[in-house]
Amino acid sequence: MIEQFLLNQRKGELAQSEVKKLRESGKIEYMGEFTAPAPAAAAPAAASAAPAAAPAAATESAVDKGLSGLK
């Protein structure tokens, strides 16, 4: 049991070091609707806060639709 414990502990340490290495070398690239807006388009979007509420409402209804199948 001790040998198995030490083996599992070593595997966990190796996995953690690999994840740390991947996070340091990884690059996140946002695509689609998650990309940053162009600098010229950012100024008008920041001026009006009302349109920002509409996507949130659409997302909530999509989440509700997805969760309705779990009930």
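Residues numbered from 1 in each chain as written. Predicted model: local features only at pLDDT ≥ 70, side-chain atom pairs only at ≥ 80, totals over all residues. Heavy atoms only, no water.

Turning to the pattern of salt bridges, a few remarks are in order. Evaluation of the coordinates by the stated rule reveals two salt bridges. With a closest N to O distance of 3.9 Å, E13 and R10 form a salt bridge. Here E13 and its partner R10 are both found in helix α1 (residues 2-25), three residues apart, which amounts to about one turn of the helix. The class for E13 is partly exposed, based on a relative accessible area of 40%. With a closest N to O distance of 3.6 Å, K21 and E18 form a salt bridge. Residue K21 and its partner E18 are both found in helix α1; the two are separated by three residues, about one turn of the helix. Judged by relative accessible area, which is 36%, E18 ranks as partly exposed. (Salt bridge = Lys/Arg side-chain N within 4 Å of Asp/Glu carboxyl O. Helix = DSSP H or I, 4+ residues; strand = E, 2+ residues; numbered from the N terminus. Buried < 20%, exposed > 50% of the residue type's maximum accessible area, 1.4 Å probe, protein only.)

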